[in-house]
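# What the coordinates show
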Amino acid sequence: MEQRRVFAQVLTVETVIASVVFLLVLTALLYSLIRRRAGAGVGPSPRSERPRLEVSYLAALVVIAAGLVVYTASANDWMHPGGDAQAAGRGGGKAAPVEVDVTAFQWCWKFTHPAPGAHQAARSGHGPDARPAADAHHAAEAHHAADGGHGSGGAHGQRSDGARAATTTANCRDGRLPTLVVPTGRTVRINLTSLDVIHSLWVPALRYKMDAFPDHTNSFTFTVDKEGRWIGRCAEFCGDRHHAMEFWLKAVSPEEYDDWVSQHQQDGPTGGAAA
Amino acid sequence: MTLAPDPPADSPPQAAQPTGASRPVRPASWLGWLTTTDHKRVGLLTMATAMVLFFLMGVLALLMRSQLAQPGQNFFGSSMYNQMFSIHGSGMIYMVMTPFAIGLGVYLVPLQIGAPAVAMPRATLFGYWLYALGAVLMLSGFAMPTGAHADGWFSYPPMASSTYSPGDGTPLWIVGVFMATVGALLMGWAVLWTALRKRARGMTMLRMPVFTWSMIAATLMVIGAFPSLLAALVMLAVGRADPTVFDSNAWNIGYQHLFWFYGHPVVYVMFFPYLGAVGEVLAVFSRRRFFGYKGTVISLLVFAALSMSVWGHHMFATGQATNDYYSLTSIALLVPAGIEYFALVGTVLGGRLVFRTPMLFALAFIPQFLIGGLTGIMVGTPALDYHVTDSYFIVAHLHYVLFAGSAFGLFAALYFWFPKVTGLMLDERLGRVHFTLMVIGTNLTFLPMFGLGYLGMPRRVATYPEWAGFGLLNLLASIGAGFLAAAMIAFALNLQQAFRRRVPAPADPWQGNSLEWAAPSPPPRYNFTTTHPLPPLTSNAPLLDARMRQGRHRAPHRTPNGERA
Ligand code: HEM
Ligand SMILES: [Cu+2]
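Residues numbered from 1 in each chain as written. Chains lettered and ligands numbered in written order. Predicted model: local features only at pLDDT ≥ 70, side-chain atom pairs only at ≥ 80, totals over all residues. Heavy atoms only, no water.

In the nomenclature of an unreviewed UniProt entry, chain B is known as Cytochrome c oxidase subunit I of Streptomyces diacarni. UniProt's Sequence similarities (unreviewed entry) comment on chain B is quoted here verbatim: "Belongs to the heme-copper respiratory oxidase family." Its UniProt record gives chain B the following Subcellular location (unreviewed entry) comment, quoted word for word: "Membrane". (UniProt positions renumbered as here; feature names shortened; annotations may be inferred.)

Here's what the structure looks like:
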């Protein structure tokens, strides 16, 4: 939960700065309201400029702005451990992250967990990355969807050559929300795309969101350090059921996660969990 | 068509021409208004139209707040709710705050620089027509079977394409917004050209009032940024004819770039003129010259230039923008903004404050807009924006800027210049009621929304479930909206009373600083007359200079409108 930690720190810093500025201005105003009101018997100041003061103030502003820029740019860096290379799947070193392909559609989500190894196969061109019918024109670009199915309103197809990926989806109606299951302690990489309009995947507890575009895949990584279940929402307006486009993020222990994946590889796609 | 004078009384009736085609238009008739080339009338038409729309868009806001007051409510249905937030947002931005700002400039800039007229009067009038017709077109979407436009004020494709938003609402929105934007461009050019080329002899650039300077900065942004919106709208129109355009990510993300290249500068177009107005009001009711004039002028221009480089901060979560760059330029804006605040606060700190209604609104502008500005730094920080973007935090931020800030500036301007424009005084007591209710309502409505966004409530949701825990803060916000409704009723009552009681306003009811207060109230066709000539143009506050010169010969602290000294 790197994002959450960094968010809290930056928010604290900026809130403190903002409060100091706000209180300074408020104090100056209140002072004027009392001491400078017409009834207080002071005349207006004839000075309409204080060049020296203005220049030193300008310098102070520049220093503050520069400090903020450096600090917040570093914070952005901390939020993305491993940098863009990691998010795009080129990161070397540490254990390969757990990948989940997320497909947003009007108006729900589909989460596909490729079986370990399947993803690499898909990447190197042997995997079945072609997608049928409605989005055939996207097929030229290699998508990570190891599962050929896609759905609107919760429909989902089955791959013909055996269930190698574990998939969850639902229709986000009557409390049937899909669940994004991830292991704790391991880096999770989300590959995010959309079948129709722009959506945005937001898990408020993670303090992070990323837009889902059609004809484009965005990736980001995160780590969850404790087990639990959190709500996720669509944050980009996407039509009539935008308000109901929710899902659960569920973190389980790595062992449980592996069990879950292998079980669902057999079962095929599963439906939603009640709210 | 130009304004012809009334025919002399003894001219023969033109019975020979049954069409009446050559009958002159009486200036006081409605046709006389719609064909006027008097900058004051064009400005007034623009502001009055914007004011009517302000009330209408406010009604939409109240309806939305009633639905959101409690969890699980959906009496309008989400399709209707989506139309309401879309038209409310589009209306407030394209049809209220932008045109009102420019209309204020059309009215005031010629007066403030001692000119008899605006440059390009016919183009200015044409701009008004385009704007008014554009507003009607956009609103007429509600009369269509499929309803009005329902994809928000920035209408991202592919959602706005004919595949996902079928029906007539979106095309009407595209055409309406296009027309209003061309109108704003024409009027913006006219104002800029007036300020640059039509100044009275002796009115140097550095003798122009702060408001006129703020209009120069704003219209420079209009000219630099508004064409980009036109391009984006053309792209949407093409995409509605052939939706496969938006199968390609390049066009979807390209639209966002084009849109925000307009969309960010427009925020300052809706801010600078009101900031300028607040500056004038603060100086006049502090009984002094505006403090830090030169610094403010420079910072306005720097601000305008920088504003063209920050647009990508609306796209931090797209994964397709260079976030650190846009964050740098956005945070850099705090430098010119800080200079402007220094000037505002400095003016008050050294003043001798008189608390009339315009001053109250101007004073409240300072801390309230500051909340919008400080949270602006937060949303300009990618590490914070990933969480809060597209949430109610943004709704809170944008309303603090546009409502708690600009709209308070708008009311400061309105109460300040109403006597000049109409020749009638507004009621001070009702003004205070309006002000008090506005302050309570604004903060009660929009402060809780920061919390809602932090807790995870996305923007543009028609309803939310009870278990989400958003109920209490939403209820507070809706109660605040009730106060705002009451405030607007007090304001409407004040207007109505002013026209009924008709308390005449003198040329200079407030001891103003700038030239418009030397003209009669309301100013005649060509502004300055032999009985009300231009005073010597000695500085950016010529009337203040004149009073000081006189004051050396007379007893101090005697003021015409009986204010306690
Ligand atoms: C100067 C006045 C105002 C301006 C310029 C303004 C502007 C906007 C804009 C640009 C939006 C975003 C629309 C979109 O997402 O496409 C919006 C949404 C909204 N505004 Fe305003 N507004 C103003 C006054 C008000 C007032 C007085 C209220 C409350 C009484 C209000 C309540 C709302 C609500 C409830 C939403 C919808 C939020 C959502 O569903 O995401 N607005 N406004
Ligand atoms: Cu969505």
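From this point, the narrative continues.
### Some details on the coordination of the copper ion (ligand 2)
Residue and element names in this part refer to chain A. Distances from the copper ion (ligand 2) to its protein donors, His 199 (ND1), Cys 234 (SG), Cys 238 (SG) and Met 245 (SD), fall at 2.1 to 2.7 Å. Relative to the metal, the four donor atoms surrounding the copper ion (ligand 2) lie at angles of 88 to 127 degrees, and the coordination shape comes out tetrahedral. Spacing between the donor residues of the copper ion (ligand 2) along their common chain follows H-x34-C-x3-C-x6-M. Taken as a pair, Cys 234 in strand β9 (residues 228-234) and Met 245 in the loop between β9 and β10 (246-252) lie far apart in primary sequence, 11 residues in all. Both residues of the pair, Cys 234 and Met 245, count as buried. (Donors = N, O, S within 2.8 Å, 3.2 Å for Na, K, Ca; no water. Tetrahedral: all angles 85-135°; square planar, octahedral: opposite > 155°, others 65-115°. Helix = DSSP H or I, 4+ residues; strand = E, 2+ residues; numbered from the N terminus. Buried < 20%, exposed > 50% of the residue type's maximum accessible area, 1.4 Å probe, protein only.)

### What about the site of ligand 1?
All names here are of chain B. Around ligand 1, the structure places 24 residues, and the nearest of them are Tyr 81, His 88, Trp 153, His 399 and Arg 460. At 2.6 Å from an oxygen atom of ligand 1 is found a side-chain nitrogen or oxygen belonging to Tyr 81. Within the contact set of ligand 1, an oxygen atom lies 2.9 Å away from a side-chain nitrogen or oxygen of Arg 459. Per-element tally for the shell around ligand 1: the top contributor is helix α3 (residues 78-112), with seven residues. A per-class count over the shell around ligand 1 returns 17 nonpolar, four polar and three charged. (Near = heavy atom within 4 Å. Polar contact = N/O pair within 3.5 Å; in protein donor to acceptor, adjacent residues only side chain to side chain. Nonpolar A, V, L, I, M, F, W, Y, C, P; charged D, E, K, R; others polar.)

### A short note on the coordination of the iron atom of ligand 1
Residues and elements named next belong to chain B. Surrounding the iron atom of ligand 1 are the protein donor atoms His 88 (NE2) and His 399 (NE2), at 2.0 Å. Relative to the metal, the six donor atoms surrounding the iron atom of ligand 1 lie at angles of 88 to 179 degrees, and the coordination shape comes out octahedral. A residue pair is termed long-range when its members are at least 10 positions apart, and His 88 in helix α3 and His 399 in helix α14 (residues 392-422) qualify at 311 residues. Across this residue pair, the class does not change: His 88 and His 399 are buried.

### What to know about the nonpolar core
Among the nonpolar cores identified, the biggest contains 240 residues, and Trp 109 of chain A together with Tyr 94, Phe 272, Phe 365, Ile 366, Phe 411 and Trp 417 of chain B are the most heavily contacted of them. At 22 residues, the largest contribution of residues to this core is made by α14 of chain B. When residues of this core are sorted by domain, at least three fall in each of domain 1 (2-36 + 50-79) and domain 2 (98-125 + 133-274) of chain A. Phe 365 of chain B has contacts with Phe 271, Leu 275, Val 278, Tyr 341, Leu 344, Leu 370, Ala 404, Gly 405, Ser 406, Phe 408 and Gly 409 of chain B, leaving out every residue within four places of it along the chain. Leu 61 and Val 69 of chain A together with Leu 334 and Ile 339 of chain B belong to the second largest nonpolar core, which has nine residues in total. (Core = buried A, V, L, I, M, F, W, Y, C linked by side-chain atoms within 4.5 Å. Domains from an automatic or database assignment. Contact = heavy atoms within 4.5 Å.)

### A word on the confidence of the model for chain B
Residue and element names in this part refer to chain B. The predicted model of chain B has a mean per-residue pLDDT of 93, with 94% of residues at 70 or higher. Taking the mean pLDDT of every element in chain B, the minimum, 89, falls on helix α1 (residues 30-34) and the maximum, 98, on helix α15 (residues 428-455). Scored below 50 in pLDDT, residues 1-17 makes 17 contacts in the model with residues more than four places away or belonging to other chains. Residue range residues 555-565 is modelled with pLDDT below 50. Its contacts to residues more than four positions away, or to other chains, number 15 contacts. Overall fold confidence for the complex sits at a pTM of 0.90, while the interface term, ipTM, reaches 0.90. (pLDDT = per-residue confidence, 0-100.)

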